[in-house]
Amino acid sequence: MKKTLTLASLALMALSLYTPSALAVVSNAKAIELAPHRVDRLVALNKLDKSFVTKMEKVEVVVVENQVPVYFKATVSQTAPATGNPVQVQISLDKDGKPLAFQLVAGGVAGPDFAWPGKTAGELTENALHYVLENAATGKIALFDKSATSVTLTKANLNNEAVALGQVLSSATTEKLNIYLKMDGSLIKAEVVP
Amino acid sequence: MKLFRLLSLFYIFGLMGCGYIVFDKSTPSRNLDYSLPAEKIASLSYPVLAQKVFAPKCISCHASSDETSLATYADIIKNKDLIKKAVFFDKTMPKKGSLTEEELAYLWNWLEIEAPEFPQNGDLDPPLEEEPLVATFASIDKNIFQVTCKECHNPTGTGKRVGLDKESLMNSPLELILPENPDESGLIIALERSDDKRMPPAKEGYSALSEQSIAVIRKWIANGAKD
């Protein structure tokens, strides 16, 4: 009896320590999608170099532990820095996806400037993520919504046409989600590939 | 007899050629009933049409800076025939959304009676009182969001990801409203920016909000966006 009561008390204590507020309200994919929005805002406020929007290449997200109110850390890389060595911007978001802070960090690999002709790289990245968010309840796409780890934007060739390719990776699967967009940001197709 | 039939055919085709018999499908559909009671037609005036049709459905794109401005009565008169053609014949306007049958009836009949500035029945009192735009959410919502933005920012529209109800504005992770900080509020940045991310979007034919409208939204946010 005493043992049962002790166990019950321990269970109650554990429950009281458990805080539902620590659970994310937004998915990993949403956190990734919010990062380009935040970068655009920081550029509009002259707090960040415009090249982060025009030459955005990759957004990675990790869920951090024991750092309330920070829940997500998104790292945004660009293909070519305005000057000097590659630099990334790290954005802290809370569980609702609200931005908390940002900092520039050294890192990333400077690559080719894709010189996106229509939308900016930031907008194309957002649009690729919109596909994931709008199809989050559909089959395998759910894996790329809940457990997305990154999106990488590159140029690709589809039916002899230059297109934008947003590739989303997920910690829940080894497969990749390729999202093809026209240069104006409209969706062409999406496919899950090995 | 043969001559009579031949002449009849010539007569019929002649009438068609002269436009007495029109088979052009671009005319307003005869299935649509634009009729209004005579007393209603007599009450139609520019203020009525401005409030019922031009302000909510046209001005957001055809503001004063636009080539085909519909901002004043003089503008409307100047473009009267274009309006009729675009709305009723070509059906190319409004580009965003559509006019209700009642709005179409008001517009059609007003244009048919030569678009009078004042009602023909002599009643000079405006039928509805306009509420001035003030720095409260209710006023901004009624005078700006509902008129200019809700066409896209609704649950099924292209702007569905960005809700413009008060709760969505205040809680959005996009930080659309930062109380007491209009300069960094996403809503103000979106309205004031000059690139292709400006709202309402120029690429879809919308004019920017007027400076006065933006100033009122700024004031509402600067006051804490409480009301």
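Residues numbered from 1 in each chain as written. Chains lettered and ligands numbered in written order. Predicted model: local features only at pLDDT ≥ 70, side-chain atom pairs only at ≥ 80, totals over all residues.

**A look at the overall build of chain B**
Within chain B, the secondary structure is distributed over 10 helices and 0 strands. When its helices and strands are written in sequence order, chain B yields α-α-α-α-α-α-α-α-α-α. In chain B, which comprises 227 residues, the share counted as buried stands at 23%. When contacts within chain B are restricted to residue pairs at least 6 apart in sequence, long-range pairs at least 24 apart make up 63% of them. (Helix = DSSP H or I, 4+ residues; strand = E, 2+ residues; numbered from the N terminus. Buried ≥ 20, exposed ≤ 12 C-beta atoms within 10 Å, placed from the backbone. Contact = placed C-beta atoms within 7 Å.)

**A word on the overall build of chain A**
When you go through chain A residue by residue, the secondary structure sums to 5 helices and 8 strands. Scanning chain A from its N terminus toward the C terminus, one meets helices and strands in the order α-α-α-β-β-β-β-α-α-β-β-β-β. Looking at the 194 residues of chain A, the share that counts as buried comes to 34%. For chain A, contacts bridging at least 24 residues in sequence account for 54% of all contacts bridging at least 6.

**Topic: the pairing of strand β7 (residues 173–181) of chain A**
All names here are of chain A. Sheet topology places strand β6 (residues 161–170) next to β7; 6 bridges connect them, and they run antiparallel. Bridging from a neighbouring strand, L165 pairs with Y180 of β7. Linking β6 back to β7 in an antiparallel pair, the connection comprises 2 residues. Across 6 bridges, β7 lies against strand β8 (residues 187–193) in antiparallel orientation. Bridging from a neighbouring strand, L177 pairs with V192 of β8. Linking two consecutive strands that pair antiparallel, namely β7 and β8, is a turn of 5 residues; a positive phi of about 95° is found at G185 within it. (Pairing = 2+ DSSP bridges.)

**Quick look at the confidence of the model for chain A**
Mean pLDDT over chain A works out to 89, with 89% of the residues at or above the 70 mark. Taken together, the stretch residues 15–21 of chain A has pLDDT below 50 and engages in 0 contacts with residues farther than four places along the chain or on a different chain. (pLDDT = per-residue confidence, 0-100.)

**Overview of the environment of F145(B)**
All names here are of chain B. Checked against the element boundaries, F145 lands in helix α7 (residues 137–149). According to the C-beta neighbour criterion, F145 is partly exposed, with 16 such atoms within 10 Å. In sequence terms F145 and D165 are 20 residues apart; their C-alpha atoms lie 9.0 Å from each other. Here F145 is in contact with I140, K150 and L164, once residues within four sequence places are set aside.

**A word on the environment of D141(B)**
Residue and element names in this part refer to chain B. In this structure, D141 sits in helix α7. With 17 C-beta atoms packed within 10 Å, D141 lands in the partly exposed category. Considered as a pair, D141 and D165 are 24 residues apart in the sequence and their alpha carbons are 8.0 Å apart.

**Let's talk about helix α4 (residues 121–134) of chain A**
Counting along an α-helix, one turn takes 3.6 residues, and residues three or four places apart therefore face a common direction. All names here are of chain A. For α4, built from 14 residues, the straight-helix expectation of 20 Å at 1.5 Å per residue is met to within 8% by its first-to-last C-alpha distance of 20 Å. Extensive coverage of α4 is indicated by the burial of 11 of its 14 residues. Turning to α4, its buried residues are A121, G122, E123, L124, T125, E126, N127, A128, L129, Y131 and V132. (Expected span 1.5 Å × (residues − 1).)

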